[in-house]
Structures are given as C-alpha cells and as structure tokens.
Amino acid sequence: RKEVEQDPGPFNVPEGATVAFNCTYSNSASQSFFWYRQDCRKEPKLLMSVYSSGNEDGRFTAQLNRASQYISLLIRDSKLSDSATYLCVAAYNDYKLSFGAGTTVTVRA
Amino acid sequence: DAGVTQSPTHLIKTRGQQVTLRCSPKSGHDTVSWYQQALGQGPQFIFQYYEEEERQRGNFPDRFSGHQFPNYSSELNVNALLLGDSALYLCATRYFRDNSPLHFGNGTRLTVT
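Parameters and conventions
- Residues numbered from 1 in each chain as written.
- Chains lettered and ligands numbered in written order.
- Predicted model: local features only at pLDDT ≥ 70, side-chain atom pairs only at ≥ 80, totals over all residues.
- Heavy atoms only, no water.
- Salt bridge = Lys/Arg side-chain N within 4 Å of Asp/Glu carboxyl O.
- Helix = DSSP H or I, 4+ residues; strand = E, 2+ residues; numbered from the N terminus.
- Buried < 20%, exposed > 50% of the residue type's maximum accessible area, 1.4 Å probe, protein only.
- Contact = heavy atoms within 4.5 Å.
- Buried area = accessible area lost by both parts, 1.4 Å probe.
- Polar contact = N/O pair within 3.5 Å; in protein donor to acceptor, adjacent residues only side chain to side chain.
- Nonpolar A, V, L, I, M, F, W, Y, C, P; charged D, E, K, R; others polar.
- Disulfide = S-S within 2.5 Å.
- Pairing = 2+ DSSP bridges.
- Axes fitted to C-alpha atoms, helices over the stretch in contact; angles between N-to-C directions.

A.B. asks: Help me understand the pattern of salt bridges in this model?
C.D. replies: For side chains bearing opposite charge, pairing can occur when the charged atoms are close. The full count for this structure, using the stated rule, is eight salt bridges over all chains. Its salt-bridge partner being Arg-59 of chain A, residue Asp-82 of chain A comes within 2.7 Å of it at the nearest N-O pair. Here Arg-59 of chain A lies in the loop between β6 (55–57) and β7 (60–65) and Asp-82 of chain A lies in the loop between β8 (70–75) and β9 (84–91), a separation of 23 residues in the sequence. Overall, the relative accessible area of 22% leaves Arg-59 of chain A in the partly exposed class. Ionic pairing is found between Arg-57 of chain B and Glu-54 of chain B, a salt bridge with its closest N-O pair at 3.1 Å.

A.B. asks: Help me understand the interface of chain A and chain B, please; the structure alone is not making it clear to me.
C.D. replies: Interfaces are often sized by the amount of accessible area the parts lose when they come together. The interface is formed by 17 residues belonging to chain A together with 23 residues belonging to chain B. Of the roughly 1700 Å² buried where chain A meets chain B, counting both sides, 51% is carbon and sulfur surface. In this structure, the connection of chain A to chain B is made through zero salt bridges. Across the contact surface, chain A and chain B share three residue pairs in polar contact (both at pLDDT 80 or more). Put simply, the parts of the chain that give the side of chain A that touches chain B at least two residues each are β4 (32–38) and β10 (97–99) of chain A. For the side of chain A that touches chain B, the per-class residue count stands at eight nonpolar, three polar and six charged.

A.B. asks: Help me understand the environment of Lys-96 of chain A, please; the structure alone is not making it clear to me.
C.D. replies: Here Lys-96 of chain A shows up in the loop between β9 and β10. In this structure Lys-96 of chain A comes out as partly exposed when scored by relative accessible area, which is 27%.

A.B. asks: How should I be thinking about unusual backbone geometry in this particular structure?
C.D. replies: Look at the link from Gly-9 of chain A to Pro-10 of chain A: it is a cis peptide, with omega at 10°. Between Ser-7 of chain B and the following residue, Pro-8 of chain B, the backbone shows a cis peptide bond with an omega angle of -10°. One non-glycine residue, Glu-52 of chain B, lies in the positive phi region at around 65°. Here Glu-52 of chain B is to be found in the loop between β5 (44–50) and β6 (53–57).

A.B. asks: Hey, could you run me through the state of the cysteines in this one?
C.D. replies: Note on terminology: disulfide describes a covalent bond linking the sulfur atoms of two cysteines. Residues and elements named next belong to chain B. Scanning all chains against the criterion turns up two disulfides over all chains. Disulfide pairing is shown between Cys-23 and Cys-91; the S-S distance is 1.8 Å. Disulfide Cys-23 to Cys-91: torsion about the S-S bond roughly -60°, handedness left-handed. Of this pair, Cys-23 sits in strand β3 (residues 19–24) while Cys-91 sits in strand β9 (residues 87–94), placing them 68 residues apart in sequence.

A.B. asks: Help me understand the sheet that holds β3 of chain B, please; the structure alone is not making it clear to me.
C.D. replies: What links the strands of a sheet is backbone hydrogen bonding, and the strands pair in either a parallel or an antiparallel sense. Residues and elements named next belong to chain B. In spatial order, the strands read β1-β3-β8-β7; together these four strands make up an open sheet with antiparallel pairing. Every interior strand has two partners, whereas the edge strands, β1 (5–7) and β7 (64–68), have only one. This sheet shows a mean twist of 20° between the axes of neighbouring strands, independent of strand direction. With three bridges joining them, β1 and β3 adopt antiparallel strand pairing. Bridged to Thr-5 within β3 is Ser-24.

In structure tokens:
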C-alpha cells in the first residue's frame, strides 16, 4: 500500500469554479503535511503547509483530518494559472517527505 | 540569491553504465535530499545528507550512493543503470536548524536506453 494515495483526476473545471480533492495517508505517525504544486516537467513547489486547525492562503484552503488520516485542498475562483498537478505530502520527519502521485487539475476558459 | 541548482539538466545513458548527478544547495542551506520521480508518479525519497554523512535512506538499492562536500553541495551516483532508473532526479535542500520547507531544484532528467 502506498504511503500517500491521491485521486489522479483529472479534474476539469471552468474558470471561476471551485474544485476540491483529498488524499489519504497510511502512516499515523506522520507529523507534517503539505500541498505542493508541480507544473509539467518542472520541479515541485510548495503551495502551502497544512495545519490541524485548517488554514487558508488566498483562494486555497487546506484541511487535515488526523482521525481519518486524510488531507484536503479546495481551490476557489479557479484561474487558468491554477492548472497543474497537486502533490499531497505527509512527512514523518522534516526530511523524508512521502508524496502522493498527484491530482491533475485543468482549468478551462 | 541562487536557488537550488542541479546539473546536468538532461542525460542519456546506456544500461550498465554509471551516472553522477550534481546539486548545489540554495544559499544558507546545509542539508540535501535526493528524490526520484518516475513518469506519472510522485517523487520517492532516496536519501538525505547532512554534515557530509548519509542520515536517512529510502527504499533504494545500494547501486544508489551519494556524497556531500564541505561546501554542502552533493552528488548522486547510480551504478549499473537499469531501464527502470529512467526518471527525473530532484535535489531538495534546507537549513537543518529551522522548520522551513524543502526547496527543490529543477531536476535532472535521466533516460536509460
């Protein structure tokens, strides 16, 4: 079983729509959680950390449910520039990040 | 302020050959981790170096080895290349003593034929 599992999508949404997706993690000892964004053939870039109380960064909202071991990401008012693959990450420590395979989001005009 | 730099950007090797990939950390970073990302997959942790020693290792065979130099730069070596080693190899760095997230380099795309 993979440590982090994500729905690969793709999620195809129109501009301005809201899109949300989850991932699940198997290691209950995971301490830190993140969402990274990866554009085609580029390196992953940190989108946001995920905190137990939930957190927002502009149009992006992340939630963590430790009891059910899942993490969610919601994107409001989608922009064309939001088209990317979103990688869910659970970390047992600060150095070994366990990545999901990614969820592909395509925002269409 | 230069970010994480990796070289080369692309590389083509033949099965059985050996390859060395290089990484220079972002300024102020002293810890280097290497990840392998196969097509359609998320990055997989290979190992992490701090103070010139391998500190943690993922589930990769001994054919994968590394080194960290006194200036914090790092090399990833892969021996006896297999077709399955074809992937994007990512270097990620951070400063050991703070909680900032990892910064990734642009990666080296390795193709084994």
